[in-house]
Amino acid sequence: MKKLTKLESFGLIAAILVSGSYFYMKKVYDPEAKALKKTISRLNKKIGAYNRLQEPPNPAGLKRRLERQHDEEKKMAAALHAAGGRTDAESEVTEILAEISLMAQHENMQVLKLIPKETEVTDVYKWKKVDLQLRGQFYDFVVLIERLKQMTRPLELRQLRIELDQGEYDEVLITATLRV
């Protein structure tokens, strides 16, 4: 092989430098430049969002608004209860069960069981099932049923079973599924 002249060796070095620079720019510099542009774009979006932020509203105003909405919710719930409806609040079910228990005691009925069961969803209500067992005089039970009919909140007695109580004279044992 022949020895390269000075001009050819400078040309070869220049060609290697140009091709190396080209591959460096194409494979290393351009992807990093694109990543930098994306990062700058995201940063500018964040800065724009930050600049659009306003000072937070006054908490006192929010508190008053929340209190008004809470009062409105109470009025709406009271109107719903007066119309014979109910909300799906668990506390409401507890209140109804307590009211029924007090009615039973007032009518000299002994509450033996009041066991909550699963929830049943229908078109109108989300019923909470409760197993109920009472003991007392039959006439007192009839009066209790009449008082339950007068309740404005919806409830149902299902699978009602009345049998003579073996332990007590003239008392009946009532078993039912109550839907509240």
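Per-chain numbering applies: the sequence of each chain, read as written, is numbered from 1 onward. The predicted origin of the model limits local features to residues at a pLDDT of at least 70 and limits the giving and counting of side-chain atom pairs to 80 or more, whereas totals for whole chains, interfaces and linings rest on all residues. Based on all heavy atoms of the structure, the side-chain values leave hydrogens and waters out of the count.

1. Observations regarding the overall build of the protein
Turning to step 1, where the next piece is worked out: Of the regular secondary structure elements, the protein holds 4 helices and 4 strands.
Turning to step 2, where the next piece is worked out: By definition, any uninterrupted DSSP run of H or I lasting at least four residues is a helix, any uninterrupted run of E lasting at least two residues is a strand, and each is numbered from the N terminus. Secondary structure of the protein in N-to-C order comes out as α-α-α-β-β-α-β-β.
Turning to step 3, where the next piece is worked out: When we talk radius of gyration, it's over C-alpha atoms, and the globule rule is simply 2.2 Å times the number of residues to the 0.38. For a compact globule of 180 residues, the expected C-alpha radius of gyration is about 16 Å, and the protein comes in at 40 Å, more than 25% above that figure.
Turning to step 4, where the next piece is worked out: Summarising its shape, the C-alpha atoms of the protein cover approximately 130 × 50 × 25 Å along the three principal directions.
Turning to step 5, where the next piece is worked out: Partly exposed residues are those whose accessible area sits between 20% and 50% of the maximum for their type, while under 20% is buried and over 50% is exposed, using a 1.4 Å probe and protein chains only. Counting all 180 residues of the protein, 23% fall into the buried class.
Turning to step 6, where the next piece is worked out: We call two residues in contact whenever any of their non-hydrogen atoms come within 4.5 Å of each other. Residue pairs at least 24 apart in sequence account for 57% of intrachain contacts in the protein once pairs closer than 6 positions are excluded.
Turning to step 7, where the next piece is worked out: Carbon and sulfur atoms make up 58% of the accessible area of the protein, which amounts to about 14,200 Å² in all.
Turning to step 8, where the next piece is worked out: Taking the average place of the 31 positive charges on the side chains of the protein and the average place of its 26 negative ones, the gap between the two points comes to 22 Å. For accessible areas, the Shrake-Rupley method is used with a probe of radius 1.4 Å. Any residue's cover is judged against the shown protein chains and nothing else. In this count, Lys and Arg are taken as positive residues and Asp and Glu as negative ones, while His and the chain termini are left out. Charge placement uses NZ in Lys and CZ in Arg. For Asp and Glu, CG and CD serve respectively.

2. Notes on a nonpolar patch on the surface
Turning to step 1, where the next piece is worked out: Here a patch means residues that are over 30% exposed by relative accessible area and free of salt bridges, tied together within 9 Å if like-charged and within 5 Å if nonpolar (Val, Leu, Ile, Met, Phe, Trp, Tyr). For this document, the term salt bridge refers to a Lys or Arg side-chain nitrogen within 4 Å of an Asp or Glu carboxyl oxygen. On the surface, Y24, M25, V28 and Y29 cluster together to form a nonpolar patch covering roughly 400 Å² of accessible area.
Turning to step 2, where the next piece is worked out: For V28, the location among the structural elements is in helix 1 (residues 6–52).

3. A few points about the pairing of strand 2 (residues 126–136)
Turning to step 1, where the next piece is worked out: Two strands pair under a simple rule: DSSP has to find at least two bridges between them. Where strand 1 (residues 110–121) lies against strand 2, 9 bridges are found, and the strand directions are antiparallel. Bridging across to strand 2, V111 finds its partner in L134.
Turning to step 2, where the next piece is worked out: As defined by bridge partners, strand 2 adjoins strand 4 (residues 172–179) across 8 bridges and the pair is classed as antiparallel. From the neighbouring strand, L132 faces strand 4, where its bridge partner is A176.

4. A look at the nonpolar core
Turning to step 1, where the next piece is worked out: In terms of nonpolar packing, the biggest core is built from 20 residues, with L134 and L144 touching the most fellow members.
Turning to step 2, where the next piece is worked out: Looking at this core, the element that brings in the most residues is helix 3 (residues 90–106), giving 6 residues.
Turning to step 3, where the next piece is worked out: Beyond its immediate chain neighbours, meaning those up to four positions away, L134 contacts A104, M109, Q110, V111, L112, F141, L144, V172, L173 and I174. We call a set of buried residues a nonpolar core when its members are Ala, Val, Leu, Ile, Met, Phe, Trp, Tyr or Cys and they connect through side-chain atoms within 4.5 Å of each other.

5. A few points about the environment of E171
Turning to step 1, where the next piece is worked out: Relative to the elements of secondary structure, E171 occurs in the loop between strand 3 (156–164) and strand 4.
Turning to step 2, where the next piece is worked out: Sequence separation of E171 and Y24 is 147 residues, and the distance between their C-alpha atoms is 100 Å.
Turning to step 3, where the next piece is worked out: Apart from residues no more than four positions distant in its own chain, E171 is found in contact with R135, G136, Q137, L164 and D165.

6. So, unusual backbone geometry
Turning to step 1, where the next piece is worked out: One non-glycine residue, N108, lies in the positive phi region at around 60 degrees.
Turning to step 2, where the next piece is worked out: Here N108 shows up in the loop between helix 3 and strand 1.
Turning to step 3, where the next piece is worked out: With a phi close to 50 degrees, Q159 is a non-glycine residue in the positive phi region.
Turning to step 4, where the next piece is worked out: Looking at where Q159 falls in the secondary structure, it is placed in strand 3.
Turning to step 5, where the next piece is worked out: In this structure Q159 comes out as exposed when scored by relative accessible area, which is 66%.

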